[in-house]
Amino acid sequence: QVQLVESGGGLVQPGGSLRLSCAASGSIFRLDNMSWYRQASGKQREWVAAITEGGSGGYADSVKGRFTISRDNAGKTLYLQMNSLKPEDTAVYYCNANAIVVRGGTVSAYWGQGTQVTVSS
């Protein structure tokens, strides 16, 4: 139905930057809110940022002022620009989208497979 594929993760030094992307494809009638979550080793998955269909964003306090969430004009590609990265940002980052696959259908949540971000010197 809806596939989400993340890319852009990798190894970066503290203070560096990375840009994550999440491409949505498949049978999509409408994409609603899209979000980024992350899960560090041994910890629970936590919300990082979200953006509405209209482009309004929100952020967790831990990333506010350093990360920027955006989506392309078609609304099917999600981005996360991460600046001033810290070792505590190390985690697997997951894309999440709320989508309706058919007209009149209900909203369902979809997840990508995740992309690893490692911040280390």
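Residues numbered from 1 in each chain as written. Predicted model: local features only at pLDDT ≥ 70, side-chain atom pairs only at ≥ 80, totals over all residues. Heavy atoms only, no water.

1. Comments concerning the environment of N33
Phase 1 of the analysis: Take N33: it is sitting in strand 4 (residues 30-39).
Phase 2 of the analysis: Among residues more than four places away in sequence, those in contact with N33 are I51, T52, E53, R71, N96, A97 and N98. (Helix = DSSP H or I, 4+ residues; strand = E, 2+ residues; numbered from the N terminus. Contact = heavy atoms within 4.5 Å.)

2. Brief notes about unusual backbone geometry
Phase 1 of the analysis: Phi is positive for S84, which is not a glycine, with a value near 50°.
Phase 2 of the analysis: The topology assignment puts S84 in the loop between strand 8 (77-82) and strand 9 (91-100).

3. Things to note about the side chain of R66
Phase 1 of the analysis: Tracing the backbone through its elements, the reader meets R66 in the loop between strand 6 (57-59) and strand 7 (67-71).
Phase 2 of the analysis: At 2.7 Å, the side chain of R66 forms a polar contact with the side chain of D89.
Phase 3 of the analysis: Those residues in contact with R66, other than ones at most four positions away along the chain, are Q81, M82, N83, S84, L85, K86 and D89. (Polar contact = N/O pair within 3.5 Å; in protein donor to acceptor, adjacent residues only side chain to side chain.)

4. Examining the pairing of strand 8
Phase 1 of the analysis: For strand 8, a buried count of five out of six residues is recorded, marking the element as mostly surrounded by other parts of the structure.
Phase 2 of the analysis: Strand direction decides the pairing type here: strand 3 (residues 18-26) and strand 8, joined by six bridges, are antiparallel. When the bridges of strand 8 are listed, C22 appears paired with L78.
Phase 3 of the analysis: Across five bridges, strand 7 lies against strand 8 in antiparallel orientation. Bridged to R71 within strand 8 is L78.
Phase 4 of the analysis: Connecting strand 7 to the next strand, strand 8, in antiparallel fashion are five residues, including G75 with a positive phi near 80°. (Buried < 20%, exposed > 50% of the residue type's maximum accessible area, 1.4 Å probe, protein only. Pairing = 2+ DSSP bridges.)

5. As for the side chain of T115
Phase 1 of the analysis: Looking at where T115 falls in the secondary structure, it is placed in strand 11 (residues 115-119).
Phase 2 of the analysis: The exposure class of T115 is buried, given its relative accessible area of 12%.
Phase 3 of the analysis: From its side chain, T115 meets the backbone nitrogen of G9 in a polar contact 3.3 Å long.
Phase 4 of the analysis: Among residues more than four places away in sequence, those in contact with T115 are E6, S7, G8, G9, L20, A91, V92 and Y93.

6. So, the sheet that holds strand 1 (residues 2-7)
Phase 1 of the analysis: Overall, antiparallel pairing links the four strands, which are arranged 1-3-8-7 in an open sheet. A single partner strand is all that each edge strand has here, and the edge strands are strand 1 and strand 7. Across the sheet, the axes of successive neighbouring strands diverge by a mean angle of 15°, strand direction being ignored.
Phase 2 of the analysis: As paired strands, strand 1 and strand 3 are joined by six bridges and run antiparallel to one another. Looking across to strand 3, one finds that E6 is bridged to C22. (Axes fitted to C-alpha atoms, helices over the stretch in contact; angles between N-to-C directions.)

By themselves, these figures tell us nothing about what the structure is for.
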